Amino acid sequence: MQAVLFDLDGTLLDRDASVRMFITRQYERWQEALSIIPKETYVQRFIELDDHGYVWKDVVYQQLIEEFDIKGAAWGELLDDYLKHFQDSCVPFPFLIEMAEGLQSNGWKLGIITNGHDPFQMDNMEALGIHSYMQEILISESEGVKKPDSAIFKRSARRLGVPVEACVFVGDHPEKDVQAAAKAGMKTVWKKNPLWKTAEADAVITGLEEIPVVLRNLLKKEKADIIQGHCPGLSVHAMEGYELGQNNDVYLINVKYVFRFPKYKEGVQKLIQETRVLDHIQGKLPLSIPEPVYRFLDDQEPENAFAGVRWIEGEPLWPEDMERLEESLQKHIAGQLSSFLCRLHNIPTERRTVEKTTAEQIKADLETLYADIQHRLFPFMCGPSTIEVKDTFETFFEQERFTFSTTLIHGDFGPSNLLWDKKSRQVTGVIDFGETGIGDPAYDFAGLLSGYGEAFVKEALSLYPGGAQMFERAHFYKQTFALQEALYGLNYGDRAAFESGMSRYQ
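What you are looking at is a predicted structure, and each value in this text was computed from that prediction instead of being measured.

## Observations concerning the sheet that holds strand E4 (residues 167-171)
Ordered in space as E3-E2-E1-E4-E5-E6, the 6 strands form an open sheet in which the pairing is parallel. Unpaired on one side and paired on the other, strand E3 (136-139) and strand E6 (203-205) mark the two borders of the sheet. Strand-to-strand twist in this sheet, taken as the mean axis angle between neighbours without regard to direction, amounts to 20°. Both strand E5 (residues 187-191) and E6 contribute to a ladder of 3 bridges, which runs parallel. Across the sheet, the residue bridging to Lys 191 is Ile 205, located in E6. Against the sheet, helix H7 (residues 120-128) contacts strand E2 (109-114) and E3, and its axis sits at roughly 140° relative to E3. Here helix H9 (residues 150-160) sits on the sheet in contact with strand E1 (3-6), E2, E3 and E4, set at roughly 155° to E3.

So, in structure tokens, the structure goes:
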């Protein structure tokens with residue numbers, strides 16, 4: 001599952017509370033014309049005629065004018081007032097923004113499918129502050145099709161660029177939302193509404209704060225079924241959502257195997273390459289690395305392909321952990337990691353294992369990266385930051401001759417992928433070879449530089465043959481990491497990644 005789509009009224013917008021607030025305020029704005037009717041009578045009758053939004057307001061206002069013999073206001077004037085001012089009374093259900101921010105930061109694509117008129121519904125979404133979190137918004141009037149027609153659900157999936165089966169729809173109406181989305185092929189979550197007793201959904205919630213947990217459970221069940229279908233010899237009796245990352249969903253199975261499912265098509269190819277490399281380098285390194293045991297890589301669709309590796313004991317060696325260690329132990333760990341990289345960088349590879357890359361190709365890739373940063377990120381940067389980035393890249397291109405030899409590299413050799421045992425204070429292994437390939441060996445030291453600082457990396461490089469010549473390149477690569485994260489955020493609609501990458505440049 002990759003996307004979550006929402007109904008608006010009754011799901012994100014507390015329509016009953018919003019209507020009551022609006023109609024009370026309308027009465028007060030038009031009190032001179034409506035004073036022949038008690039306020040609560042006017043409010044209650046509007047709510048009854050509105051029928052939870054299923055009767056359009058031209059009919060409602062015409063009925064009010066006729067029933068109460070209103071002379072001081074025409075039904076069209078009251079309707080115009082509704083269209084203009086309803087957005088000022090929009091009441092969200094609790095935890096709306098927190099829920100949207102959380103899902104977006106975990107890589108979910110988000111959208112809305114709502115029946116109604118545009119721009120009226122769009123104004124309401126802007127009033128709630130949620131439109132900016134949504135990658136696609138489909139309003140029935142603009143689309144020429146409305147719920148419960150399956151076409152509008154399938155159209156939303158196409159626009160998000162995901163299979164309809166990879167979507168979850170959250171709504172409050174048992175037929176127009178839940179049943180219709182299920183018929184289109186989506187997973188469904190029913191947000192309980194007292195108007196209906198039940199709905200046949202994959203999950204049921206009473207509040208928006210429950211959605212992240214429900215999604216994690218739906219994902220776990222989906223992944224467990226996929227694993228069981230392709231690994232009949234593996235009995236899944238314990239499954240923990242180990243990590244829902246930017247590029248992969250990761251699960252710990254039976255406290256013994258780590259299974260990774262790519263979220264994007266590019267990730268399937270990376271996983272294929274990673275698995276080939278891990279097979280190739282088993283037994284050749286001084287620290288534990290993942291050992292592929294299970295795999296299904298024939299399906300090129302993301303979230304169906306997976307690889308399962310043996311669990312390695314330990315937890316990430318975070319910078320704050322490193323800072324608390326005495327200097328002698330820090331130097332010992334620097335030596336361990338330097339030795340690991342030296343062995344890794346000297347493992348010969350074949351083209352069928354990983355594509356060869358030259359220093360000149362790396363230069364071309366960096367030039368492309370620089371052009372991309374100028375075109376896509378400079379518009380979001382302050383003036384001094386653009387000057388700083390220009391100086392960083394152009395000085396590097398001017399001074400670096402690109403004569404270094406390329407080797408097999410880890411590609412993401414930072415604290416989150418370096419495991420240690422806090423009790424024994426020993427490094428236990430290196431994980432996540434998802435970015436492995438042929439590249440500049442200095443790139444792996446850039447990961448260490450980003451996490452542990454210059455003194456640590458200079459110590460590690462002093463123990464690496466020819467390491468002294470790598471520091472400047474490592475320092476340059478480190479300066480590109482945040483910019484690459486910001487570009488990732490733009491490419492995949494991940495606002496949290498974009499904002500994190502751009503934070504020091506704005």
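## Concerning the nonpolar core
In terms of nonpolar packing, the biggest core is built from 68 residues, with Phe 6 and Tyr 61 touching the most fellow members. In terms of residue count, the dominant contributor to this core is helix H11 (residues 211-230) (8 residues). When neighbours within four sequence positions are excluded, Phe 6 is seen to be in contact with Leu 12, Met 99, Leu 103, Leu 110, Gly 111, Ile 112, Ile 113, Met 134, Phe 169, Val 170 and Ile 211. In this structure, Leu 325, Phe 340, Leu 408 and Leu 461 belong to the second largest nonpolar core, which totals 63 residues.

## So, the packing of aromatic side chains
Evaluated as defined, the whole model comprises 32 aromatic pairs. A centroid spacing of 5.5 Å and a plane angle of 50° characterise the contact between Phe 46 and Tyr 61, whose relative ring orientation is tilted. On the criterion of sequence distance, the pair formed by Phe 46 in helix H3 (residues 39-50) and Tyr 61 in helix H4 (residues 57-68) is long-range, its members being 15 residues apart. In terms of burial, Phe 46 and Tyr 61 fall into one category: buried. Pairing Phe 259 with Tyr 294 gives two aromatic rings, centres 5.9 Å apart and planes at 25°, and the pair type is stacked. With Phe 259 in strand E9 (residues 257-262) and Tyr 294 in strand E10 (residues 292-296), the pair connects residues that are 35 residues apart, well separated along the chain.

## A few points about empty space enclosed by the protein
One simple way to see leftover space: roll a probe sized like a water molecule over the atoms. Under the criterion given, the structure shown has 2 cavities of 30 Å³ or more. Here the largest cavity defines a volume of roughly 100 Å³. Taken together, 12 residues line the largest cavity, and the ones lying closest to its centre are Met 1, Gln 2, Gly 107, Trp 108 and Lys 263. Broken down by class, the residue content of the lining of the largest cavity amounts to 5 nonpolar, 3 polar and 4 charged. Taken as a whole, the second largest cavity spans an internal volume of roughly 50 Å³. If you trace the second largest cavity, you find it lined by Val 258, Arg 260, Leu 271, Glu 274, Thr 275, Leu 278, Ala 307 and Val 309. Of all the secondary-structure elements, those providing two or more residues to the lining of the second largest cavity are E9, helix H12 (265-281) and strand E11 (306-310). Top contributing element to the lining of the second largest cavity by residue count: H12, with 4 residues.

## Things to note about helix H18 (residues 454-462)
Working note: α-helix, 3.6 residues per turn, so residues spaced by three or four point in the same direction. Burial in H18 covers these residues: Phe 456, Val 457, Ala 460 and Leu 461. What you see down the axis of H18 is that its buried residues fit within an arc of 130°, all on one side. Turned more than 90 degrees off the buried face of H18, the exposed positions are Ala 455 and Ser 462. Here the buried face of H18 lies against helix H13 (319-323), helix H14 (327-345), helix H17 (442-452) and helix H19 (471-492).

## Quick word on the side chain of Asn 193
Here Asn 193 shows up in the loop between E5 and E6. At 2.8 Å, the side chain of Asn 193 and the side chain of Asp 172 are in polar contact.

## A short note on the side chain of Asp 81
If you trace the backbone, Asp 81 turns up in helix H5 (residues 75-85). Reaching out from Asp 81, the side chain makes a polar contact with the side chain of Trp 30 at a distance of 3.4 Å. Sequence-distant contacts of Asp 81, that is, excluding residues within four places in its chain, are made with Phe 22, Gln 26, Arg 29, Trp 30 and Phe 86.

## Side note on the sheet that holds strand E12 (residues 315-316)
In spatial order, the strands read E12-E14-E15; together these 3 strands make up an open sheet with antiparallel pairing. One side of each edge strand has no neighbouring strand; the edge strands of this open sheet are E12 and strand E15 (426-430). Where E12 and strand E14 (residues 418-421) come together, 2 bridges link them in antiparallel fashion. Counterpart to Pro 316 in the pairing with E14 is Leu 419. In the packing of H14 onto the sheet, contacts are made with E14 and E15, and the angle to E15 comes to roughly 25°.

About the thresholds
Residues numbered from 1 in each chain as written. Predicted model: local features only at pLDDT ≥ 70, side-chain atom pairs only at ≥ 80, totals over all residues. Heavy atoms only, no water. Pairing = 2+ DSSP bridges. Helix = DSSP H or I, 4+ residues; strand = E, 2+ residues; numbered from the N terminus. Axes fitted to C-alpha atoms, helices over the stretch in contact; angles between N-to-C directions. Contact = heavy atoms within 4.5 Å. Core = buried A, V, L, I, M, F, W, Y, C linked by side-chain atoms within 4.5 Å. Buried < 20%, exposed > 50% of the residue type's maximum accessible area, 1.4 Å probe, protein only. Phe/Tyr/Trp six-rings, centres within 6.5 Å; stacked < 30°, edge-to-face > 60°. 1 Å grid on protein atoms, 1.4 Å probe; cavity = no way out; pocket = protein on both sides within 12 Å on 5 of 7 lines; lining within 4 Å. Points joined across faces, edges and corners; volume = space filled by probe spheres on them. Nonpolar A, V, L, I, M, F, W, Y, C, P; charged D, E, K, R; others polar. Arc of directions from axis to C-beta. Polar contact = N/O pair within 3.5 Å; in protein donor to acceptor, adjacent residues only side chain to side chain.

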